[in-house]
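# Commentary on secondary and tertiary structure
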Amino acid sequence: MPGWFKWLTGFACIVILMLLIFAGFTMAGAKDSKVREKLGTDACIVSNQLIQDELGWIQDKRLVEQAMDYFYEKTGVQPYLLITDNLNGMGGEITDSEAEAAMETIYASLYDDEGHMIFTFMEYNSSQYITWIYTGVSADSVIDEDAREIFLNNADRYYTDSSLSDEEFFAKVFRNSADTIMRDAGKQVSVARICVIVSALLAIGLAGGFIAFKVAEERRKETEELKEILETPIGSTTSPEEEELLRKYGTPSKEDN
């Protein structure tokens, strides 16, 4: 095989290995993904009230609202962001049941349907905060326990990113959470299958190239042998029987003749 084909084979093998590894991780992620259906539009009446910022953190309100709109488009659940340092006058000492009761009251004052979600971010002291999610009954079909955990984990993760402004922090939480919560496992499987198919095609191409070179090599040898036979004078060749006699008795002299 020519040197360039050997280099191409090595490169293709690396690509095939990477594609198969990626396909494996993608399939594993698809297996762990929970497919959720977007909430129907009849379950959530769109509201213009999106943010209640009691701490004055949000300067670029539109940046956060665009991310919240994205969350609604992906999930069908319209979110409401509450930024505060207390609920009903209680800070870090508040219990989960008390926080839920407070958010239930807020929800009832805002909506007449069960398709919304309230995300409360309460920083009761500097860098000390608690987060909660409260949803309507209909929204629970999308924002289930796993989805809540995804959302709140993202809030914890991005809170420590000092490169983000307050607006960028909340926008990233809503956008990335929407993508993860509504991740389509079917698309992941399709991507994995494409990687496997491409790997198989590359392998077949390499095998075909190898076979083609071997066939060409055999034909070249046959051509050289045929050329050698054609160039050999008639009568100069010996039969297998003659070669055997020569090995046994040597070349006969003129006197023997």
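Structural data are supplied above this passage.
Residues numbered from 1 in each chain as written. Predicted model: local features only at pLDDT ≥ 70, side-chain atom pairs only at ≥ 80, totals over all residues. Heavy atoms only, no water.

### Observations concerning helix α3 (residues 96–110)
The terminal C-alpha atoms of α3, which comprises 15 residues, lie 21 Å apart, in line with the 21 Å expected from a rise of 1.5 Å per residue. Among the residues of α3, those classed as buried are Ala99, Ala102, Met103, Ile106, Tyr107 and Leu110. Buried residues along α3 cover an arc of 140° about the axis, so they all sit on one side. Across from the buried face of α3, at angles greater than 90 degrees, the exposed residues are Ser97, Thr105, Ala108 and Ser109. Packing partners of the buried residues in α3 comprise β2 (78–84), β3 (116–125) and β4 (128–135). (Helix = DSSP H or I, 4+ residues; strand = E, 2+ residues; numbered from the N terminus. Expected span 1.5 Å × (residues − 1). Buried < 20%, exposed > 50% of the residue type's maximum accessible area, 1.4 Å probe, protein only. Arc of directions from axis to C-beta. Contact = heavy atoms within 4.5 Å.)

### What about the nonpolar core?
For soluble globular proteins, the rule of thumb is that nonpolar side chains tend to be buried together. The biggest cluster of nonpolar side chains holds 34 residues, and the ones touching the most others in it are Leu81, Met117, Phe119, Ile143, Phe170 and Phe174. Here this core takes 7 residues from helix α5 (residues 166–181), the largest share from any one element. Setting aside anything within four residues of it in sequence, one finds Met117 in contact with Phe71, Val77, Gln78, Pro79, Tyr80, Tyr107, Ile133, Tyr134, Thr135, Ile143, Phe151 and Phe174. (Core = buried A, V, L, I, M, F, W, Y, C linked by side-chain atoms within 4.5 Å.)

### Here we look at the pairing of β4
Within β4, 6 of the 8 residues are buried, which leaves the element mostly enclosed by the surrounding structure. As paired elements, β3 and β4 share 8 bridges and run antiparallel to each other. By the bridge assignment for β4, Met117 is matched with Thr135. Here β3 folds back onto β4 in antiparallel fashion, the turn holding 2 residues, of which Ser127 has a positive phi close to 65°. (Pairing = 2+ DSSP bridges.)

### Some thoughts on the side chain of Thr120
Within the element layout of this structure, Thr120 appears in strand β3. Apart from the residues within four sequence positions on either side, Thr120 is in contact with Leu82, Thr84, Leu87, Met103, Ile130, Thr131 and Trp132.

### Some points on a nonpolar patch on the surface
On the surface, Trp4, Leu8 and Phe11 cluster together into a nonpolar patch covering about 370 Å² of accessible area. Structurally, Trp4 can be placed in helix α1 (residues 3–32). (Patch = residues over 30% accessible without salt bridge, like charges linked within 9 Å, V, L, I, M, F, W, Y side chains within 5 Å. Areas by Shrake-Rupley, 256 points an atom, 1.4 Å probe, with all protein chains shown as cover. Salt bridge = Lys/Arg side-chain N within 4 Å of Asp/Glu carboxyl O.)

### What about the sheet that holds β3?
Strand order in this open sheet of 4 strands is β1-β2-β3-β4, and the pairing throughout is mixed. At either end of the open sheet lies a strand with only one pairing partner, and these are β1 (51–53) and β4. Between one strand and the next, the sheet's axes are offset by a mean angle of 10°, whatever the strand orientation. With 7 bridges joining them, β2 and β3 adopt parallel strand pairing. Counterpart to Pro79 in the pairing with β3 is Met117. (Axes fitted to C-alpha atoms, helices over the stretch in contact; angles between N-to-C directions.)

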